[in-house]
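A look at the structure
Residue-level listing of the chains:
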Amino acid sequence: QGYAAPAMALWRESGLNGTAASGGQEGPARLDVPRLLADTHCEMRLRAKHALLAGRVDEARREVDGALSPGFLGGHPELLFSMLCQGLVEMVREARPDEAISYARRELAPFVEANPGYGPALDAA
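Bear in mind the structure is a predicted one, so any value in this text is a computation, not a measurement. (Residues numbered from 1 in each chain as written. Predicted model: local features only at pLDDT ≥ 70, side-chain atom pairs only at ≥ 80, totals over all residues. Heavy atoms only, no water.)

**Quick word on the pattern of salt bridges**
Worth spelling out the cut-off: Whenever a carboxyl oxygen of Asp or Glu lies within 4 Å of a side-chain nitrogen of Lys or Arg, that contact is scored as a salt bridge. Helix and strand definitions here come from DSSP, where helices need a minimum of 4 consecutive H or I residues and strands a minimum of 2 consecutive E residues; each element is numbered from the N-terminal end. To sort residues, take the accessible area from a 1.4 Å probe on protein chains only and compare it with the maximum for the residue type: under 20% means buried, over 50% means exposed, and anything in between is partly exposed.
Across all of its chains, the model carries seven salt bridges by this definition. A salt bridge links Glu-63 to Arg-47; the shortest N-O distance between them is 2.7 Å. Residue Glu-63 is located in helix α5 (residues 57-68), and its partner Arg-47 is located in helix α4 (residues 40-53); the two are separated by 16 residues in the primary sequence. Here Glu-63 falls in the buried class, since its relative accessible area comes to 18%. A relative accessible area of 39% means that Arg-47 is categorised as partly exposed. Residue Glu-99 is joined to Arg-96 by a salt bridge in which the shortest nitrogen-to-oxygen separation is 3.0 Å. A relative accessible area of 27% means that Arg-96 is categorised as partly exposed. Overlapping salt bridges, with partners in common, bring together Arg-61, Arg-106 and Glu-107 in one network.

**Quick notes on the packing of aromatic side chains**
Note the cut-off: For Phe, Tyr and Trp, where Trp contributes only its six-membered ring, two rings pair if their centres lie within 6.5 Å, and the inter-plane angle classes them as stacked under 30 degrees, edge-to-face over 60, or tilted in between.
One pass over the structure, following the stated rule, counts one aromatic pair. Consider the rings of Phe-81 and Phe-111, whose centres lie 5.2 Å apart with planes at 55 degrees: the pair is tilted. Taken together, the positions of Phe-81 in helix α6 (residues 77-93) and Phe-111 in helix α7 (residues 97-114) put the pair 30 residues apart, joining distant regions of the chain. Under the relative-accessibility criterion, Phe-111 is labelled buried at 16%.

**Quick notes on the packing of α6 against α7**
Rule in force here: Interaxial angle, 0 to 180 degrees, is taken between N-to-C directions of lines fitted to C-alpha atoms, where a helix line uses only the stretch in contact. Under this scheme an angle from 65 to 115 degrees is roughly perpendicular, one under 35 degrees roughly parallel, and one over 145 degrees roughly antiparallel; angles in between are oblique. When checking whether two residues touch, look at their non-hydrogen atoms; a contact exists if any pair is within 4.5 Å.
Where α6 contacts α7, the two axes come as close as 10 Å, and the packing angle between them is 170 degrees. Here α6 lies roughly antiparallel to α7, going by the angle between them. Residues Pro-77, Leu-80, Phe-81, Leu-84, Cys-85, Gly-87, Leu-88, Met-91 and Val-92 of α6 touch α7, and the partners they reach there are Glu-99, Ala-100, Tyr-103, Ala-104, Glu-107, Leu-108 and Phe-111.

**Here's the deal with the packing of α5 against α6**
Relative placement of two packed helices is described by the angle separating their axes and the distance separating the axes. What counts here: The crossing is said to be left-handed when, going from far helix to near helix, the turn is anticlockwise and less than a right angle, and right-handed when the turn is clockwise. Residues are grouped as follows: Ala, Val, Leu, Ile, Met, Phe, Trp, Tyr, Cys and Pro are nonpolar; Asp, Glu, Lys and Arg are charged; every other residue, Gly included, is polar.
Between α5 and α6, whose axes approach to 9 Å, the crossing angle comes to 155 degrees. Between α5 and α6, the angle is such that the two are roughly antiparallel. For the crossing formed where α5 meets α6, the hand is right-handed. Where α5 abuts α6, its residues Val-57, Ala-60, Arg-61 and Val-64 lie against Leu-80, Met-83, Leu-84 and Gly-87. Residues that form the contact of α5 with α6 fall into these classes: six nonpolar, one polar and one charged.

**As for unusual backbone geometry**
Unusually for a residue other than glycine, Ala-95 sits at a positive phi of about 60 degrees. By the element assignment, Ala-95 lies in the loop between α6 and α7. Assessed through its relative accessible area of 60%, Ala-95 is described here as exposed.

**Quick word on the nonpolar core**
Which entries qualify depends on this criterion: We call a set of buried residues a nonpolar core when its members are Ala, Val, Leu, Ile, Met, Phe, Trp, Tyr or Cys and they connect through side-chain atoms within 4.5 Å of each other.
Counting 22 residues, the largest nonpolar core has Val-64, Leu-73, Met-83, Leu-84, Tyr-103 and Leu-108 as the members making the most contacts within it. Those elements that place two or more of their residues in this core are α4, α5, α6 and α7. Among the elements that make up this core, the one with the highest residue count is α6 (eight residues). Sequence-distant contacts of Met-83, defined by excluding residues within four places in its chain, comprise Leu-52, Val-57, Ala-60, Arg-61, Val-64 and Leu-73.

Written out as structure tokens, the structure is:
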């Protein structure tokens, strides 16, 4: 789940899931693959995904906010939290425990303090 969750959340939040791709019509999505492949949102999602998987959370945040709208992630705290958790996972995976602890206190603790419901998601990361 660690790697897939931020990518799936970004897919849903970007508006290019099945409903949006089908023009908002109910029923099965009719994907216009050439349009999606050429779409800047698709390119942004790929760049953000690669940045996240490389542990470059700030770069991923800039990609998302730059492509969708300034402050987009500020209005989508679940997506931001998921991206920040992925940053923590990458630091732990790369055996950088001191940096991971500092990062968790600085970046993730405010989410859990403001909404204790984020605690289980952080524990799962």
